[in-house]
Amino acid sequence: MLRLECVSRRFGGLEAVKELDLDVPAGARLGLIGPNGSGKTTVLNLISGVLAPDAGAIRLGGARIDGRPAHRFARLGIARTFQNLRLVAHMTVRENVWLAQHTLPAPRAARVEDLLAALGLAAWRDTPVSALPLPQQRRVELARALAREPKVLLLDEPAGGMTPAETQEMGDLVARLVPAETALVVVEHKLDLVARLCPRIAVLDFGRKIAEGAPGEVLNDAKVMEVYFGRDRGDA
Ligand SMILES: Nc1ncnc2c1ncn2[C@@H]1O[C@H](COP(=O)(O)OP(=O)(O)OP(=O)(O)O)[C@@H](O)[C@H]1O
Ligand SMILES: [Mg+2]
């Protein structure tokens, strides 16, 4: 479904992503981990068209999508959440989720209500999102992404800033609500959450992939231990 081939992106002299290959078939769940600044969000920005690669190719269902204008990507079936949240603060929960459907040929109010119920947001439906606690705001972000019925779903720290109990609940929601055929990429510092959701994990360090495999293999890899656990354990 989604494939990155030798993708690189620099910011001035900084190589944020370097010769990255990733393969995420339909229905796959890939965890993307690495220390702060290792390039995880940049990878999501490249896949979602926020940034263009300097080199390499990004393919969706075989067709090259890199280099297209950013507004085209949502219509291609790529949806994401943001580490720092991109909600319309003064609008209600329902309005935020409704607006996310603008990329669909036929927005449906019933689908919005179903999503709000499934995400435990029904009680907040008429509340401005600025008044919600952070875990509920992250749920609205997830609802917005799911409302687009994406083929590829990218989650950037879906449990960022959450307590262990809230993290557990977010994990339950992702496991339950992401459709089986969706290709899912999860960026997270909380490794227990990544290991639970994703049978495969790729590890970035200074923009390079240094390991990829099952959680049990990757998290015990000596290289990964050194660069990831040795330097910065994040809030895992
Ligand atoms: N738009 C930009 N302009 C300049 N530098 C950038 C830009 N975006 C990211 N960077 C730099 O690229 C590197 C990778 O950043 P990125 O945000 O992808 O890391 P990350 O792995 O998501 O980190 P974190 O875990 O802290 O979210 C960092 O050194 C960052 O400062
Ligand atoms: Mg990031």
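Further up the page is the structure itself.
A closer look at the pattern of salt bridges
Step number 1: Here the structure, examined in full by the defined rule, presents 16 salt bridges.
Step number 2: Put simply, D66 and R64 hold a salt bridge, and the shortest N to O gap is 2.8 Å.
Step number 3: Among the residues examined, R64 registers a relative accessible area of 43% and is labelled partly exposed.
Step number 4: The network of salt bridges with common partners includes R10, E15, K18, E19 and R208.

Here's the deal with the environment of L51
Step number 1: Among the structural elements, L51 can be located in the loop between helix 1 (40-47) and strand 4 (55-60).
Step number 2: On the basis of relative accessible area, L51 is assigned to the buried category, the value being 18%.
Step number 3: Here the alpha-carbon distance between L51 and R9, two residues 42 residues apart in the chain, equals 8.6 Å.

Considering the packing of helix 3 (residues 93-100) against helix 4 (residues 109-118)
Between two packed helices, the angle of one axis relative to the other and the distance separating the axes together describe the packing.
Step number 1: Two elements in contact, helix 3 and helix 4, have axes whose closest approach is 10 Å; the angle formed by their N-to-C orientations is 125 degrees. In terms of orientation, helix 3 and helix 4 fall into the oblique class. Classified by chirality, the crossing of helix 4 by helix 3 is right-handed. Across the interface between the two elements, V93, R94, V97 and W98 from helix 3 touch A109, V112, E113, L115 and L116 from helix 4.
Step number 2: Per-class residue counts for the contact of helix 3 with helix 4 are seven nonpolar, no polar and two charged.

Definitions and limits used
Residues numbered from 1 in each chain as written. Chains lettered and ligands numbered in written order. Predicted model: local features only at pLDDT ≥ 70, side-chain atom pairs only at ≥ 80, totals over all residues. Heavy atoms only, no water. Salt bridge = Lys/Arg side-chain N within 4 Å of Asp/Glu carboxyl O. Buried < 20%, exposed > 50% of the residue type's maximum accessible area, 1.4 Å probe, protein only. Helix = DSSP H or I, 4+ residues; strand = E, 2+ residues; numbered from the N terminus. Axes fitted to C-alpha atoms, helices over the stretch in contact; angles between N-to-C directions. Parallel < 35°, antiparallel > 145°, perpendicular 65-115°, else oblique. Left-handed = near helix turned anticlockwise from the far one by under 90°. Contact = heavy atoms within 4.5 Å. Nonpolar A, V, L, I, M, F, W, Y, C, P; charged D, E, K, R; others polar.

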